[in-house]
Amino acid sequence: MKPVIGVTPLVDEERGSYWMIPGYMRALEKCGALPVMLPLSSDPDALARAAGVCAGFLFTGGQDVDPALYGEKLSPLCGRPCRERDAMDFALLSLCERLDIPAFGICRGIQIMNVRFGGTLHIDLPGETGADHCMKPPYDRVFHSVDILPGTPLARIVGGGRLGVNSYHHQAVKTLSPRLRAAAVSDDGIVEGAYMPGKKFFVGVQWHPELSYESDPASLALFGAFVSACENDRQNACDFSAGMI
């Protein structure tokens with residue numbers, strides 16, 4: 001059976017709608033999964049039920065993380081946060097960490113992983129460091145390179161050494177969570193990949209493999225490794241219950 005993977009929703013508060021970039025879903029489907037977009041909710045019972053159905057969770061891009069969550073004030077350079085989504089991601093990440101459910105974070109996904117477990121962010125990367133990580137379309141091409149650190153899950157998935165990646169973000173990891181380890185670093189010193197040791201799959205990347213999986217084997221390999229971890233964890237997912245939260 002294909003593993004069901006819960007995908008966190010993109011939220012358009014002005015239009016009062018949820019939406020989704022097709023690449024998240026299509027890349028998972030191409031790797032043999034059945035992706036489903038989750039409703040926006042941080043209700044523990046609802047998320048526990050989701051964990052009973054989903055073998056893993058994909059944490060997508062989207063709004064800036066609320067700076068209050070890592071001890072900073074809201075800056076004019078910060079986009080409007082979606083606090084309900086922050087709460088949902090925090091709760092889901094806690095569930096994944098506690099029950100060892102595979103988790104894959106992309107862009108905002110790695111940022112919220114970092115903040116949830118005690119790290120901080122650059123509120124605005126260009127304003128704080130002068131680094132420009134926001135490319136123009138098309139987004140399925142290389143914008144800059146990262147160094148994949150040896151001995152990490154990313155090195156096992158995409159190989160070590162240099163990797164060319166796309167890039168579209170203005171927030172980024174500043175202080176890495178003490179629970180996470182760096183897996184990829186850009187030339188300007190930004191942590192662009194991270195993982196939690198001792199987990200089946202708990203990986204975040206700052207770039208956008210959902211926009212390049214059709215042309216870039218490394219991007220597709222990331223989704224493939226995530227889906228493989230979810231396939232191996234499917235039986236455990238069936239055993240979760242609301243009483244475990």
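Refer to the structure above for everything that follows.
The structure reproduced in this document is the subject of the present report. (Residues numbered from 1 in each chain as written. Predicted model: local features only at pLDDT ≥ 70, side-chain atom pairs only at ≥ 80, totals over all residues. Heavy atoms only, no water.)

**Some points on helix α2 (residues 44-53)**
Put simply, the rule reads: Here the term buried applies to any residue with accessible area under 20% of the maximum for its type, exposed to any over 50%, and partly exposed to those in between, with areas from a 1.4 Å probe on protein chains only. Only DSSP runs of H or I with at least four residues qualify as helices, and only runs of E with at least two residues qualify as strands; both kinds are numbered from the N terminus onward. Read the arc as the range of directions from the helix axis to the C-beta atoms.
All buried positions along α2 are accounted for by L47, A48, A50 and A51. The buried residues of α2 occupy one face: seen down the axis, they fall within an arc of 155°.

**What to know about the environment of G198**
Of note, G198 is situated in the loop between β12 (191-195) and β13 (202-205). As for G198 and D100, which are separated by 98 residues in sequence, their C-alpha atoms are 9.0 Å apart.

**Overview of the pairing of strand β8 (residues 144-148)**
For a regular strand, the rule is simple: side chains alternate between the two faces of the sheet. Our working rule: Here a strand pair is declared whenever DSSP counts at least two bridges between the two strands.
Burial along β8 is one-sided: H144, V146 and I148 are buried, while S145 and D147, pointing the other way, are not. Pairing of β8 with strand β9 (residues 161-165) involves five bridges; the strand directions are antiparallel. Pairing of H144 across the sheet is with V165, part of β9. Looking at chain direction, β8 and strand β11 (residues 181-186) are connected through three bridges and run antiparallel. For V146, the partnering residue across the bridge sits in β11 and is S186.

**Some thoughts on the side chain of S167**
Note the cut-off: Whenever two N or O atoms come within 3.5 Å, that pair is a polar contact, provided that in protein one can donate a hydrogen and the other can accept it, and provided that, for residues adjacent in sequence, both atoms are side-chain atoms. Every residue pair with non-hydrogen atoms within 4.5 Å of one another is taken to be in contact.
Among the structural elements, S167 can be located in the loop between β9 and β10 (172-175). A distance of 2.6 Å separates a polar atom in the side chain of S167 from the backbone oxygen of H133. When neighbours within four sequence positions are excluded, S167 is seen to be in contact with H133, C134, M135, F143 and H144.

**Details of the nonpolar core**
The criterion, for reference: Remark: nonpolar core denotes a set of buried residues (Ala, Val, Leu, Ile, Met, Phe, Trp, Tyr, Cys) joined through side-chain atoms within 4.5 Å.
Ranked by size, the top nonpolar core spans 35 residues in total, and within it L28, L58, F104, L154 and W207 carry the most contacts. With seven residues, helix α7 (residues 217-232) is the largest single contributor of residues to this core. Discounting residues that sit within four places of it in the chain, L58 has contacts with I5, G6, V7, T8, Y24, L28, F104, I106, F223 and F226. Core analysis: the second largest hydrophobic core is formed by 34 residues, C54, V65, M88 and A103 among them.

**Some thoughts on the pattern of salt bridges**
Spelled out, the test is: For this document, the term salt bridge refers to a Lys or Arg side-chain nitrogen within 4 Å of an Asp or Glu carboxyl oxygen.
Summed over the entire model, instances satisfying the criterion amount to 10 salt bridges. For E97, the salt bridge goes to R179, with nearest N and O atoms at 2.9 Å. In this pair, E97 sits in helix α3 (residues 83-99) while R179 sits in the loop between β10 and β11, placing the two residues 82 residues apart along the sequence. The partly exposed category is assigned to R179, whose relative accessible area is 35%.

**Some details on the pairing of β11**
Relative to β12, β11 runs antiparallel, the two being bridged by four bridges. Considered in β12, the bridge of R181 is made with Y195. Between β11 and β12, which follow one another and run antiparallel, lie four residues, and G189 among them has a positive phi close to 85°.

**Here we look at the environment of A131**
When you line up the elements, A131 lands in the loop between α5 (125-129) and β8. Sequence-wise, A131 and I110 are 21 residues apart; in three dimensions their C-alpha atoms are separated by 18 Å. Ignoring any residue separated from it by four or fewer positions in sequence, one finds A131 in contact with L125, P126 and D188.

**Some words on the packing of α3 against helix α4 (residues 108-116)**
Note the following rule: Helix axes are fitted to C-alpha atoms over the stretch in contact, other axes to C-alpha atoms as well, and angles between N-to-C directions run from 0 to 180 degrees. These descriptions rest on fixed angle ranges, namely under 35 degrees for roughly parallel, over 145 for roughly antiparallel, 65 to 115 for roughly perpendicular, and the rest for oblique. Crossings are sorted by hand: turned counterclockwise from the far helix by less than a right angle, the near helix makes the crossing left-handed, and turned clockwise it makes it right-handed.
Running from N to C, α3 and α4 point in directions that differ by 70°, and their axes come no closer than 10 Å. Classed by the angle they form, the pair α3 and α4 counts as roughly perpendicular. The two elements α3 and α4 meet at a crossing, and its hand is right-handed. Along its contact with α3, which presents R85, D86, D89, F90, L93 and S94, the element α4 presents R108, I112, M113, V115 and R116.

**Comments concerning the sheet that holds β12**
Read from one edge of the open sheet, nine strands run β4-β1-β5-β6-β13-β12-β11-β8-β9, paired in mixed fashion. In this open sheet, the two strands that pair with only one neighbour each are β4 (34-37) and β9. Ignoring which end each strand starts from, the neighbouring axes of this sheet average 20° apart. This element, α3, spans β5 (56-59), β6 (103-106) and β13 of the sheet and lies at about 140° to β5.

**Observations regarding unusual backbone geometry**
The omega torsion of the bond from P137 to P138 falls at 5°, within 30 degrees of zero and hence cis. Positionally, P138 belongs in the loop between α5 and β8. Unlike most non-glycine residues, D100 shows phi in positive territory, near 55°. With respect to the helices and strands, D100 occurs in the loop between α3 and β6. Given the relative accessible area of 17%, D100 is considered buried. Look at C107: it is not a glycine, yet its phi comes out positive at around 55°.

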